[in-house]
Amino acid sequence: MEKAMIFDTHAHYDDKAFDPDREELLCSMEENGIGTIVNVGASVDGLGDLVKLVEKYPFIYGAVGIHPDDAGKMTGQTLEEIRRISRMDKMLAIGEIGLDYYWHKEETEHELQKKMFRAQMDIAGEEKLPFMIHSREAAKDTLDIVKEYMRGGMYGGIIHCFSYGKEIAAQYLDMGLYLGIGGVVTFKNARKLKEVVEYAPLTQIVLETDCPYLSPEPNRGKRNSSLNLPYVAKAIGEIKGIAPEEVIAVTERNARELLRFGV
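What counts as what
Residues numbered from 1 in each chain as written. Predicted model: local features only at pLDDT ≥ 70, side-chain atom pairs only at ≥ 80, totals over all residues. Heavy atoms only, no water. Helix = DSSP H or I, 4+ residues; strand = E, 2+ residues; numbered from the N terminus. Contact = heavy atoms within 4.5 Å. Polar contact = N/O pair within 3.5 Å; in protein donor to acceptor, adjacent residues only side chain to side chain. Phe/Tyr/Trp six-rings, centres within 6.5 Å; stacked < 30°, edge-to-face > 60°. Buried < 20%, exposed > 50% of the residue type's maximum accessible area, 1.4 Å probe, protein only. Lys NZ or Arg CZ within 6 Å of the ring centre and 35° of its normal. Pairing = 2+ DSSP bridges. Axes fitted to C-alpha atoms, helices over the stretch in contact; angles between N-to-C directions.

**Student:** Which parts of the structure should I look at to understand the environment of Asp 8?
**Tutor:** As for its placement among the helices and strands, Asp 8 is situated in strand E1 (residues 6-11). Put simply, Asp 8 and His 160 are 152 residues apart on the chain and 12 Å apart in space, counted from C-alpha to C-alpha. Residue contacts for Asp 8: discarding those within four places in its chain leaves Thr 36, Ile 37, Val 38, Leu 207, Glu 208, Thr 209, Ser 226 and Leu 229. There is a polar contact of 2.8 Å between the side chain of Asp 8 and the side chain of Ser 226.

**Student:** What am I meant to see in the packing of aromatic side chains here?
**Tutor:** We describe a pair of aromatic rings using the distance from one ring centre to the other and the angle between the two ring planes. Within the structure shown, the criterion is met by seven aromatic pairs. Measuring from ring centre to ring centre gives 4.6 Å for Tyr 61 and Phe 261, while their planes differ by 85 degrees; the resulting arrangement is edge-to-face. Of the two residues, Tyr 61 is situated in strand E3 (residues 60-64) and Phe 261 in the segment after helix H9 (244-258); the sequence distance between them amounts to 200 residues. Residue classification places Phe 261 among the buried residues on the basis of a relative accessible area of 12%. On the basis of an interplanar angle of 85 degrees and a centroid distance of 6.3 Å, the ring pair of Phe 162 and Tyr 172 is categorised as edge-to-face. Placement of Phe 162 in the loop between strand E6 (157-159) and helix H6 (166-174) and of Tyr 172 in helix H6 is noted, with a sequence separation of 10 residues between them. The exposure class of Phe 162 is buried, given its relative accessible area of 4%. Against the face of Tyr 61 rests Lys 90, its NZ or CZ located 4.9 Å from the ring centre.

**Student:** Could you clarify how one ought to interpret the sheet that holds strand E4 (residues 91-100) in this entry?
**Tutor:** The pairing of strands in a sheet happens through backbone hydrogen bonds and is either parallel or antiparallel. Read from one edge to the other, the open sheet built from eight strands follows the order E1-E2-E3-E4-E5-E6-E7-E8, with strand pairing classed as parallel. Bordering the open sheet on either side are E1 and strand E8 (205-207), each of which pairs with just one other strand. The average undirected angle you get between the axes of adjacent strands in this sheet is 30 degrees. In terms of strand pairing, E1 meets strand E2 (residues 34-40) through four bridges, oriented parallel. Along E2, the bridge assignment pairs Ala 11 with Asn 39. Running at roughly 155 degrees to strand E5 (residues 131-136), helix H5 (residues 139-151) makes contact with E4 and E5 of the sheet.

This is how it looks when you write it as C-alpha coordinates:
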(Lines give C-alpha, C1' and ligand atoms only; values in the text may rest on other atoms or scores of the structure.)
Protein backbone atom coordinates (compact mmCIF):
# COMPACT_ATOMS: atom_id res chain seq x y z
CA MET A 1 0.00 0.00 0.00
CA GLU A 2 1.32 3.43 -0.97
CA LYS A 3 2.37 5.59 1.99
CA ALA A 4 0.09 8.58 2.63
CA MET A 5 1.64 11.97 1.97
CA ILE A 6 0.75 15.18 3.78
CA PHE A 7 -1.79 17.35 1.95
CA ASP A 8 -1.46 21.04 2.88
CA THR A 9 -4.82 22.55 1.96
CA HIS A 10 -3.92 26.19 2.65
CA ALA A 11 -0.58 27.90 1.98
CA HIS A 12 0.67 31.24 0.63
CA TYR A 13 3.99 30.45 -1.06
CA ASP A 14 3.61 33.53 -3.25
CA ASP A 15 4.15 35.63 -0.09
CA LYS A 16 7.28 37.83 -0.05
CA ALA A 17 8.47 35.95 3.07
CA PHE A 18 9.52 33.12 0.73
CA ASP A 19 11.42 35.28 -1.78
CA PRO A 20 14.90 34.39 -0.43
CA ASP A 21 14.60 30.58 -0.77
CA ARG A 22 11.26 29.65 -2.37
CA GLU A 23 12.71 27.31 -5.00
CA GLU A 24 14.97 25.46 -2.58
CA LEU A 25 12.20 25.09 0.00
CA LEU A 26 9.55 23.85 -2.43
CA CYS A 27 11.97 21.38 -4.03
CA SER A 28 12.47 19.79 -0.58
CA MET A 29 8.79 18.98 -0.02
CA GLU A 30 8.48 15.50 -1.52
CA GLU A 31 11.51 14.08 0.30
CA ASN A 32 9.97 15.36 3.55
CA GLY A 33 6.61 13.67 3.02
CA ILE A 34 4.64 16.61 1.62
CA GLY A 35 2.69 15.37 -1.40
CA THR A 36 0.29 18.16 -2.36
CA ILE A 37 -0.03 21.86 -1.56
CA VAL A 38 -2.92 24.20 -2.33
CA ASN A 39 -1.70 27.77 -2.70
CA VAL A 40 -4.57 30.06 -1.81
CA GLY A 41 -5.39 33.46 -3.27
CA ALA A 42 -5.73 36.46 -0.96
CA SER A 43 -4.95 39.86 -2.51
CA VAL A 44 -6.21 41.58 -5.65
CA ASP A 45 -2.62 42.32 -6.68
CA GLY A 46 -1.46 38.75 -6.08
CA LEU A 47 -3.67 36.82 -8.50
CA GLY A 48 -0.97 36.75 -11.19
CA ASP A 49 1.61 35.39 -8.73
CA LEU A 50 -0.81 32.62 -7.72
CA VAL A 51 -1.18 31.50 -11.34
CA LYS A 52 2.60 31.54 -11.95
CA LEU A 53 3.28 29.40 -8.88
CA VAL A 54 0.63 26.81 -9.81
CA GLU A 55 1.96 26.61 -13.36
CA LYS A 56 5.58 26.17 -12.24
CA TYR A 57 5.33 23.38 -9.64
CA PRO A 58 3.54 20.10 -10.49
CA PHE A 59 2.56 19.38 -6.86
CA ILE A 60 1.11 22.87 -6.21
CA TYR A 61 -2.56 23.47 -6.98
CA GLY A 62 -4.58 26.62 -6.50
CA ALA A 63 -7.61 28.21 -4.89
CA VAL A 64 -8.55 31.62 -6.25
CA GLY A 65 -10.30 34.32 -4.26
CA ILE A 66 -9.87 37.59 -2.39
CA HIS A 67 -9.40 37.88 1.38
CA PRO A 68 -11.91 40.19 3.11
CA ASP A 69 -9.11 42.65 3.97
CA ASP A 70 -8.99 43.48 0.25
CA ALA A 71 -12.77 43.83 -0.22
CA GLY A 72 -12.40 47.59 -0.76
CA LYS A 73 -10.09 47.01 -3.73
CA MET A 74 -12.46 44.64 -5.51
CA THR A 75 -14.41 45.58 -8.64
CA GLY A 76 -16.58 43.77 -11.14
CA GLN A 77 -13.43 43.20 -13.17
CA THR A 78 -11.82 41.48 -10.15
CA LEU A 79 -14.75 39.10 -9.93
CA GLU A 80 -14.50 38.28 -13.62
CA GLU A 81 -10.77 37.62 -13.19
CA ILE A 82 -11.53 35.22 -10.30
CA ARG A 83 -14.04 33.41 -12.49
CA ARG A 84 -11.57 33.19 -15.40
CA ILE A 85 -8.75 31.85 -13.21
CA SER A 86 -11.09 29.37 -11.49
CA ARG A 87 -11.61 27.65 -14.86
CA MET A 88 -7.90 27.01 -15.35
CA ASP A 89 -6.35 23.58 -14.89
CA LYS A 90 -5.21 22.90 -11.32
CA MET A 91 -7.60 25.42 -9.71
CA LEU A 92 -9.49 23.41 -7.08
CA ALA A 93 -11.52 25.93 -5.04
CA ILE A 94 -12.64 29.51 -4.47
CA GLY A 95 -10.78 31.06 -1.56
CA GLU A 96 -9.85 32.45 0.72
CA ILE A 97 -13.07 34.39 1.04
CA GLY A 98 -15.16 35.45 4.01
CA LEU A 99 -15.32 38.07 6.74
CA ASP A 100 -12.75 39.69 9.03
CA TYR A 101 -13.97 42.22 11.58
CA TYR A 102 -10.75 42.24 13.63
CA TRP A 103 -9.26 45.26 11.86
CA HIS A 104 -12.48 46.48 10.25
CA LYS A 105 -14.90 47.84 12.84
CA GLU A 106 -17.23 50.06 10.78
CA GLU A 107 -20.63 48.74 9.71
CA THR A 108 -20.04 50.07 6.18
CA GLU A 109 -16.89 47.91 5.97
CA HIS A 110 -18.83 44.89 7.20
CA GLU A 111 -21.50 45.40 4.55
CA LEU A 112 -18.89 45.67 1.79
CA GLN A 113 -17.16 42.49 3.00
CA LYS A 114 -20.50 40.63 3.03
CA LYS A 115 -21.26 41.82 -0.51
CA MET A 116 -17.91 40.57 -1.84
CA PHE A 117 -18.17 37.35 0.17
CA ARG A 118 -21.54 36.61 -1.43
CA ALA A 119 -20.26 37.53 -4.89
CA GLN A 120 -17.43 34.99 -4.56
CA MET A 121 -19.75 32.33 -3.10
CA ASP A 122 -21.89 32.88 -6.21
CA ILE A 123 -18.85 32.07 -8.35
CA ALA A 124 -18.13 28.94 -6.30
CA GLY A 125 -21.69 27.73 -6.85
CA GLU A 126 -21.81 28.60 -10.54
CA GLU A 127 -18.40 27.05 -11.28
CA LYS A 128 -19.19 23.98 -9.12
CA LEU A 129 -16.17 24.46 -6.87
CA PRO A 130 -15.74 24.11 -3.09
CA PHE A 131 -14.99 27.23 -1.03
CA MET A 132 -12.36 28.13 1.60
CA ILE A 133 -13.70 30.45 4.30
CA HIS A 134 -11.76 32.99 6.36
CA SER A 135 -13.66 34.17 9.44
CA ARG A 136 -12.22 36.32 12.23
CA GLU A 137 -14.39 37.94 14.90
CA ALA A 138 -17.34 37.52 12.52
CA ALA A 139 -18.79 34.22 13.74
CA LYS A 140 -22.53 34.88 13.35
CA ASP A 141 -22.42 36.73 10.03
CA THR A 142 -20.12 34.11 8.47
CA LEU A 143 -22.27 31.23 9.68
CA ASP A 144 -25.47 32.91 8.47
CA ILE A 145 -24.09 33.44 4.96
CA VAL A 146 -22.65 29.92 4.71
CA LYS A 147 -26.00 28.45 5.86
CA GLU A 148 -27.83 30.57 3.28
CA TYR A 149 -25.65 29.23 0.45
CA MET A 150 -25.58 25.64 1.64
CA ARG A 151 -29.39 25.61 1.60
CA GLY A 152 -29.19 26.54 -2.08
CA GLY A 153 -26.78 23.70 -2.83
CA MET A 154 -23.00 24.10 -2.94
CA TYR A 155 -19.99 21.87 -3.54
CA GLY A 156 -18.57 21.71 -0.03
CA GLY A 157 -15.87 23.71 1.65
CA ILE A 158 -13.32 24.28 4.39
CA ILE A 159 -13.61 26.65 7.32
CA HIS A 160 -9.97 27.72 7.22
CA CYS A 161 -7.99 28.22 10.42
CA PHE A 162 -11.05 27.38 12.51
CA SER A 163 -11.00 29.56 15.62
CA TYR A 164 -14.46 29.39 17.22
CA GLY A 165 -15.96 27.04 19.81
CA LYS A 166 -17.53 23.61 19.68
CA GLU A 167 -21.09 24.91 19.24
CA ILE A 168 -20.24 26.76 16.02
CA ALA A 169 -18.05 23.88 14.83
CA ALA A 170 -21.02 21.53 15.22
CA GLN A 171 -23.13 23.65 12.87
CA TYR A 172 -20.47 23.62 10.15
CA LEU A 173 -19.89 19.90 10.60
CA ASP A 174 -23.63 19.23 10.37
CA MET A 175 -23.57 20.92 6.94
CA GLY A 176 -20.91 18.45 5.83
CA LEU A 177 -18.11 21.02 5.80
CA TYR A 178 -14.49 20.50 6.85
CA LEU A 179 -12.43 22.28 9.50
CA GLY A 180 -8.93 23.44 8.54
CA ILE A 181 -6.54 22.73 11.43
CA GLY A 182 -3.02 24.12 11.57
CA GLY A 183 -0.29 25.20 13.95
CA VAL A 184 -2.55 26.81 16.55
CA VAL A 185 -3.63 23.36 17.78
CA THR A 186 -0.10 22.87 19.18
CA PHE A 187 -0.24 26.01 21.35
CA LYS A 188 -0.58 25.48 25.09
CA ASN A 189 -3.31 28.16 25.34
CA ALA A 190 -5.45 26.70 22.50
CA ARG A 191 -7.88 24.92 24.82
CA LYS A 192 -10.97 25.83 22.77
CA LEU A 193 -9.46 24.53 19.52
CA LYS A 194 -8.27 21.32 21.17
CA GLU A 195 -11.86 20.72 22.35
CA VAL A 196 -13.10 21.26 18.78
CA VAL A 197 -10.53 18.79 17.40
CA GLU A 198 -11.53 16.22 20.03
CA TYR A 199 -15.21 16.70 19.10
CA ALA A 200 -14.92 16.80 15.29
CA PRO A 201 -14.80 13.54 13.33
CA LEU A 202 -11.36 13.02 11.80
CA THR A 203 -13.20 12.49 8.51
CA GLN A 204 -14.09 16.21 8.55
CA ILE A 205 -10.65 17.63 9.36
CA VAL A 206 -7.99 18.74 6.87
CA LEU A 207 -4.42 19.85 7.54
CA GLU A 208 -3.23 23.34 6.64
CA THR A 209 -0.38 25.71 7.39
CA ASP A 210 -1.53 29.21 6.37
CA CYS A 211 2.21 29.66 5.84
CA PRO A 212 4.18 31.84 6.26
CA TYR A 213 1.91 32.46 9.29
CA LEU A 214 0.97 30.44 12.39
CA SER A 215 3.96 28.14 12.87
CA PRO A 216 3.30 25.33 15.35
CA GLU A 217 5.30 24.63 18.47
CA PRO A 218 8.29 24.26 18.67
CA ASN A 219 8.73 26.82 15.87
CA ARG A 220 6.09 29.32 16.99
CA GLY A 221 7.00 32.85 15.93
CA LYS A 222 9.18 31.72 13.02
CA ARG A 223 8.23 31.57 9.34
CA ASN A 224 5.89 28.65 8.79
CA SER A 225 6.02 26.11 5.96
CA SER A 226 4.46 22.77 5.05
CA LEU A 227 7.51 21.08 6.60
CA ASN A 228 5.98 21.86 10.01
CA LEU A 229 2.80 19.85 9.40
CA PRO A 230 4.08 16.68 11.13
CA TYR A 231 3.86 18.65 14.41
CA VAL A 232 0.20 19.38 13.66
CA ALA A 233 -0.55 15.74 12.78
CA LYS A 234 1.15 14.64 16.01
CA ALA A 235 -0.92 17.09 18.11
CA ILE A 236 -4.19 15.95 16.49
CA GLY A 237 -3.18 12.33 17.02
CA GLU A 238 -2.49 12.95 20.71
CA ILE A 239 -5.89 14.60 21.16
CA LYS A 240 -7.67 11.73 19.42
CA GLY A 241 -5.50 8.90 20.75
CA ILE A 242 -4.32 7.73 17.33
CA ALA A 243 -1.01 7.62 15.47
CA PRO A 244 0.06 10.69 13.45
CA GLU A 245 0.30 8.41 10.40
CA GLU A 246 -3.45 7.80 10.63
CA VAL A 247 -4.09 11.54 10.89
CA ILE A 248 -1.99 12.12 7.76
CA ALA A 249 -3.72 9.34 5.81
CA VAL A 250 -7.29 10.32 6.70
CA THR A 251 -6.78 14.06 6.22
CA GLU A 252 -5.13 13.43 2.84
CA ARG A 253 -8.14 11.35 1.79
CA ASN A 254 -10.51 14.05 3.07
CA ALA A 255 -8.76 16.75 1.03
CA ARG A 256 -8.74 14.61 -2.10
CA GLU A 257 -12.45 13.86 -1.78
CA LEU A 258 -13.50 17.43 -1.10
CA LEU A 259 -11.31 18.96 -3.81
CA ARG A 260 -12.06 16.11 -6.25
CA PHE A 261 -8.36 15.58 -6.62
CA GLY A 262 -7.25 12.27 -8.09
CA VAL A 263 -10.43 10.44 -7.06
